Amino acid sequence: MLTRKNKQLSNLISLLLISGVSFLTLYKTLGFYFWFDDFSALYNVRSGGCTFDWPFNSYCTLFKLPYSLFGFNPFLYFFLALVLRIILGYGFYLFLKNFSRKRVSLILSLLLVSLSGFDSMMAFYSISSGLALSLLFFSLTLLLKLKNNRLLFLAGAVVLYLISLGYLPVYSTAHIFPVVFILVWIFLKKNINKKNCLKKL
C-alpha cells in the first residue's frame, strides 16, 4: 500500500513539475491575439464552410467545439493550448517510463514541454499539435500494455491510426503511423526471435 502511495506521489510531483515548466514556457501567449492561420480556421468555423483541402480540412471539424465554447476569445484558445501542452508532457512521461527510469523520463519530458517555436504563437497550431502528440503518446502507452496479445496490439494500432487519420491526418502521417509501425515491427521481431530460439532447443 505504501509503495502505491509513493508511486502516486511521484506521479503527482512529476505532473506539477511538467505543469510548471509548461506554464513558464507558454504563459506569455495567454496575452496574444489571433494571428496568421488562426483567422483562416476561425473564418471556416464561423462561416460553416471549409476553404482547406485534404488533409487540412480536418481542422474545420476539429475547431467546431472550441469555437462553440470560446467564440472569439483568444485567451481561452491559448489557455487550451497550455493545458494540452501539460497533457502532452505527462503523456510523454508515462510513455518513457516503459523504457527508462522515472528521473530520466521526467527530465526528457521537461525538456519537451520547454520547447517553444513559431507554432506556439498561433492558437490554431498550438492546439492541434498538442492534441495530436498527446494522443500519440497516450495511444502508444496503451498499446504497450497490450504487447503480450499480438492480435489486440495490431488491431489497436490500426484502429488508433485510422481514428487519427480521420481527425488529425497531418500529424498522423508525420508522427503516429511511423512510430506505431516501428513498435509493431519490434514486437513481431521479438516474437520471431523467441520462436526461433525455441525451435533450436
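Residues numbered from 1 in each chain as written. Predicted model: local features only at pLDDT ≥ 70, side-chain atom pairs only at ≥ 80, totals over all residues. Heavy atoms only, no water.

### Quick look at helix α6 (residues 102-114)
Side chains of residues three or four places apart in an α-helix project in the same direction, reflecting 3.6 residues per turn.
Phase 1 of the analysis: Taking 1.5 Å per residue, 13 residues should reach 18 Å; α6 reaches 18 Å between its end C-alpha atoms and fits that length.
Phase 2 of the analysis: When α6 is considered as a whole, its buried residues turn out to be Ser 105, Leu 106, Ser 109 and Val 113. Down the axis of α6, the buried set is contained in an arc of 95°. They therefore lie on one face. (Helix = DSSP H or I, 4+ residues; strand = E, 2+ residues; numbered from the N terminus. Expected span 1.5 Å × (residues − 1). Buried < 20%, exposed > 50% of the residue type's maximum accessible area, 1.4 Å probe, protein only. Arc of directions from axis to C-beta.)

### A short note on the packing of helix α5 (residues 74-96) against α6
Phase 1 of the analysis: Between α5 and α6, the shortest axis-to-axis distance is 9 Å and the interhelical angle comes to 150°. The orientation of α5 with respect to α6, classified from their angle, is roughly antiparallel. Considering the relative orientation of α5 and α6, their crossing is right-handed. Across the interface between the two elements, Arg 85, Leu 88, Gly 89, Phe 92, Tyr 93 and Leu 96 from α5 touch Lys 102, Ser 105, Leu 106, Leu 108, Ser 109, Leu 112 and Val 113 from α6. (Axes fitted to C-alpha atoms, helices over the stretch in contact; angles between N-to-C directions. Parallel < 35°, antiparallel > 145°, perpendicular 65-115°, else oblique. Left-handed = near helix turned anticlockwise from the far one by under 90°. Contact = heavy atoms within 4.5 Å.)

### What about a nonpolar patch on the surface?
Phase 1 of the analysis: A grouping of Leu 9, Leu 12, Ile 13, Leu 16 and Leu 17 is seen on the molecular surface, where their side chains present a nonpolar patch of about 460 Å² in accessible area.
Phase 2 of the analysis: Note on placement: Leu 12 falls in helix α1 (residues 2-26).
Phase 3 of the analysis: Given a relative accessible area of 45%, Leu 12 falls into the partly exposed group. (Patch = residues over 30% accessible without salt bridge, like charges linked within 9 Å, V, L, I, M, F, W, Y side chains within 5 Å. Areas by Shrake-Rupley, 256 points an atom, 1.4 Å probe, with all protein chains shown as cover. Salt bridge = Lys/Arg side-chain N within 4 Å of Asp/Glu carboxyl O.)

### Overview of the side chain of Arg 85
Phase 1 of the analysis: The residue Arg 85 is located in helix α5 in this model.
Phase 2 of the analysis: Judged by relative accessible area, Arg 85 falls into the buried class, the value being 11%.
Phase 3 of the analysis: At a separation of 2.8 Å, a polar atom in the side chain of Arg 85 contacts the main-chain carbonyl oxygen of Leu 115.
Phase 4 of the analysis: The contacts of Arg 85, once residues within four sequence positions are left out, are Ser 22, Thr 25, Leu 26, Leu 112, Val 113, Leu 115 and Ser 120. (Polar contact = N/O pair within 3.5 Å; in protein donor to acceptor, adjacent residues only side chain to side chain.)

### Here's the deal with the confidence of the model for the protein chain
Should the pLDDT be low somewhere, the predicted coordinates at that spot are not to be read in detail.
Phase 1 of the analysis: Confidence in the prediction of the protein chain, expressed as mean pLDDT, is 76, and 78% of residues score 70 or more.
Phase 2 of the analysis: Per-residue pLDDT, averaged within each element of the protein chain, yields its smallest value for helix α9 (residues 169-200) (56) and its largest for α5 (89).
Phase 3 of the analysis: For residues 197-201, every residue scores under 50 in pLDDT, and the model assigns this stretch zero contacts once sequence neighbours within four places are set aside. (pLDDT = per-residue confidence, 0-100.)

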